[in-house]
Amino acid sequence: MKVLMFHGRAGGHNILPFLEYFNDSTEHKLTFVYSNDRTYYPEKDKIEYHKFSFNPKKLFRLSKIIGGEYDLIWYHGGHSALILFVFSLLRSKNSTFIFNVWNEWLIQKAKRGGIKGKMFQYGIRHADVIHCNWHGTAQVLADT
């Protein structure tokens, strides 16, 4: 299975178990897009990394990566309305798109409107699966 995953950091306690799993997997190929820093450096790394940036040259290259043929696109954490919007807009419609919501404030911001709220709403509407890590987040989403 080909997987494209986004998270702000390529490391840290929230994402490290996933990186370790995909690095050890013989049946999955992971392309990992991150925006902040990369702290996961195993000796034998099979993961393809790309740093997300709004630099026009890098954004053009990333648009080709995001629009590629993946079985699964997993937007993990969902803290940036703009990055969620870009992924939602540019992704291949043949891929299953998972939006992993971490906090209630993301849904509350989407409900308020404004430009960021509209971008969150677009991403939420175009997700095939919305994964909520917290019961409270799922309830806020259900009340929307």
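Higher on the page you've got the structure.
Counting of residues starts from 1 at the beginning of each chain's written sequence and follows it residue by residue. In keeping with the predicted nature of the model, local features appear solely for residues at pLDDT of at least 70, side-chain atom pairs appear and are counted solely at 80 or more, and the whole-chain, interface and lining totals rest on all residues. Side-chain figures throughout are based on the complete set of non-hydrogen atoms in the structure, without hydrogens or water.

Student: How do you make sense of the pattern of salt bridges when you look at a structure like this?
Tutor: Think of it this way: side chains of opposite charge can pair up when their charged atoms draw near. The rule for a salt bridge is simple: a side-chain nitrogen of Lys or Arg has to be within 4 Å of a carboxyl oxygen of Asp or Glu. Applying the stated criterion across every chain yields a total of 3 salt bridges. A salt bridge links E48 to K29; the nearest nitrogen and oxygen atoms lie 3.2 Å apart. Here E48 is found in strand β5 (residues 48-51), whereas its partner K29 is found in strand β3 (residues 29-34), with 19 residues between them in sequence. Note on E48: relative accessible area 32%, which makes it partly exposed. Between D45 and R38 there is a salt bridge, and its shortest N-O distance comes to 3.0 Å. Each helix is a run of DSSP H or I of at least 4 residues and each strand a run of E of at least 2, with the numbering of both proceeding from the N terminus. To sort residues, take the accessible area from a 1.4 Å probe on protein chains only and compare it with the maximum for the residue type: under 20% means buried, over 50% means exposed, and anything in between is partly exposed.

Student: Just checking my understanding: could you explain the packing of helix α3 (residues 81-90) against helix α5 (residues 114-125) for this structure?
Tutor: The axes used here are C-alpha line fits, helices contributing only the stretch in contact, and every angle between their N-to-C directions lies in the interval 0 to 180 degrees. Remark: α3 packs on α5, axes separated minimally by 8 Å, with the N-to-C direction vectors making an angle of 40°. You can see that α3 and α5 cross each other, and the crossing is left-handed. In this structure, α3 uses A81, L82, L84, F85, S88 and L89 to contact α5, whose residues at the interface are K116, M119, F120, Y122 and G123. Across the contact of α3 with α5, the residue classes tally to 8 nonpolar, 2 polar and 1 charged. The handedness criterion is simple: a crossing whose near helix is rotated anticlockwise from the far helix by less than a right angle is left-handed, and one whose near helix is rotated clockwise is right-handed. Any pair of residues with heavy atoms lying within 4.5 Å of one another is described as a contacting pair. Under the grouping applied here, Gly and all other residues not named as nonpolar or charged are polar, the nonpolar ones being Ala, Val, Leu, Ile, Met, Phe, Trp, Tyr, Cys and Pro and the charged ones Asp, Glu, Lys and Arg.

Student: Looking at this structure, how should I read the packing of aromatic side chains?
Tutor: One pair of aromatic rings is described through two measures. These are the centre distance and the angle between the planes. In this scheme Phe, Tyr and Trp rings, the latter by its six-membered ring, pair at centre separations within 6.5 Å, and the angle between planes marks the pair as stacked below 30 degrees, edge-to-face above 60, and tilted otherwise. Evaluation of the coordinates by the stated rule reveals 12 aromatic pairs. Seen from their ring centres, F18 and W74 are 4.8 Å apart, and the 80° between their planes marks the pair as edge-to-face. Of this pair, F18 sits in helix α1 (residues 16-24) while W74 sits in strand β6 (residues 72-77); the two residues are 56 residues apart in sequence, bridging distant segments of the chain. The class for W74 is buried, based on a relative accessible area of 12%. Sitting over the face of the ring of Y70, K2 holds its NZ or CZ atom 5.1 Å from the ring centroid. Two conditions define a charge located above a ring, namely a distance within 6 Å from the ring centre to NZ of Lys or CZ of Arg, and an angle within 35 degrees of the ring normal. Its guanidinium or amino end placed over the ring of Y49, R38 lies 3.5 Å from that ring's centre, counting from NZ or CZ.

Student: Before we go on, may I ask you to explain the packing of helix α4 (residues 104-112) against α5 in this structure?
Tutor: For any two helices packed against each other, the geometry comes down to the angle between their axes and how far apart the axes lie. Where α4 contacts α5, the axes come no closer than 7 Å and their chain directions differ by 110°. Between α4 and α5, the crossing angle belongs to the class labelled roughly perpendicular. Here α4 runs over α5; the crossing is left-handed. In this structure, α4 contributes L106, I107, K109, A110, K111 and R112 to the contact, and α5 contributes G114, K116, G117, F120, Q121 and I124. Class assignment for the residues of the contact of α4 with α5 results in 5 nonpolar, 3 polar and 4 charged. For this classification, under 35 degrees means roughly parallel, over 145 means roughly antiparallel, 65 to 115 means roughly perpendicular, and everything else is oblique.

Student: What is the right way to read the pairing of β6 from this model?
Tutor: As a general feature of sheets, a regular strand has side chains that alternate between the two faces. Among the 6 residues of β6, 6 are classified as buried, and the element is accordingly described as predominantly covered. Looking at chain direction, strand β1 (residues 2-6) and β6 are connected through 4 bridges and run parallel. Directly across from V3, in β6, lies its bridge partner L72. Judged from the 6 bridges that link them, β6 and strand β7 (residues 96-101) form a sheet pairing that is parallel. Within the sheet, the bridge partner assigned to G77 lies in β7 and is V101. Paired strands, as defined in this entry, are two strands with at least two bridges between them according to DSSP.

Keep in mind that these numbers describe shape and distance, not what the molecule does.
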